[in-house]
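# Structural characterization, general
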Amino acid sequence: VAVRAAAAAVDTAADADAATASLTLYTALLLSPPCAVLRYALAFGNRRHPKLPLYTLLCNALGAAITCSVYELRAHYGSRGELSPQASAMLGAASLGAAGSLSTVSSFVNELRLLSPFNSARYALVTLLVGQAVAAAVPAVFELVLPD
């Protein structure tokens, strides 16, 4: 997971100078392992919910919330010129390292594979709806919280 996040961080920071790229890379590398461990630990809770893996869903929703929050912060402060390249790099690293380690497609696909066809379709639909709800809720919250 950390290697994928590191490679993505380097690609994302290609336009930045070497120091900013290094900041993104190292921050993503620092954030990836704890979030991967959190996802792994929460996955044990799925045993209590054999028909709908709630804890994988929670991790995916949290990852989506982090990614949407990073987008909103960059859009809000970046449009005002109040976001330094270093701050932008740190936000990118949060999206890559933290959100990328929390929400993994491989865990989602594995959960779908292990469920019955009905529960698999239900889980996929619930995941899609929760993701859309998070993507709609985060900008609304930021609209209320961030000053104009």
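Residues numbered from 1 in each chain as written. Predicted model: local features only at pLDDT ≥ 70, side-chain atom pairs only at ≥ 80, totals over all residues. Heavy atoms only, no water.

This next bit is on the side chain of Thr-56. Within the fold, Thr-56 resides in helix H3 (residues 54-79). If near-sequence neighbours (up to four positions away) are discounted, Thr-56 is found in contact with Asn-46, Ser-107, Glu-111 and Tyr-123. (Helix = DSSP H or I, 4+ residues; strand = E, 2+ residues; numbered from the N terminus. Contact = heavy atoms within 4.5 Å.)

This brings us to the nonpolar core. The tendency in soluble globular proteins is for nonpolar side chains to be buried as a group. Ala-61, Cys-68, Val-134, Val-138, Phe-142 and Leu-146 form the largest nonpolar core, which has six residues in total. At the level of elements, H3 and helix H6 (117-145) are the ones that each hand at least two residues to this core. Top element by residues in this core is H6. It accounts for three residues. Sequence-distant contacts of Val-134, that is, excluding residues within four places in its chain, are made with Ala-61, Ala-64, Ala-65 and Pro-139. Grouped together as the second largest cluster of nonpolar side chains are five residues, Leu-52, Phe-108, Leu-115 and Tyr-123 included. (Core = buried A, V, L, I, M, F, W, Y, C linked by side-chain atoms within 4.5 Å. Buried < 20%, exposed > 50% of the residue type's maximum accessible area, 1.4 Å probe, protein only.)

For the protein chain, per-residue confidence averages 87 on the pLDDT scale, and residues scoring 70 or more make up 89% of the total. In the model of the protein chain, helix H1 (residues 2-12) stands out as the element of lowest mean pLDDT, 56, in contrast to H6, which has the highest, 96. (pLDDT = per-residue confidence, 0-100.)

Attention now goes to the state of the cysteines. With the rule as written, the count across this model stands at zero disulfides. With no disulfide of its own, Cys-35 lies closest to Cys-59 among cysteine sulfurs, the gap being 9.2 Å. Judged by its relative accessible area of 14%, Cys-35 falls in the buried class. Taking relative accessible area as the criterion, Cys-59 reaches 2% and is therefore assigned buried. (Disulfide = S-S within 2.5 Å.)

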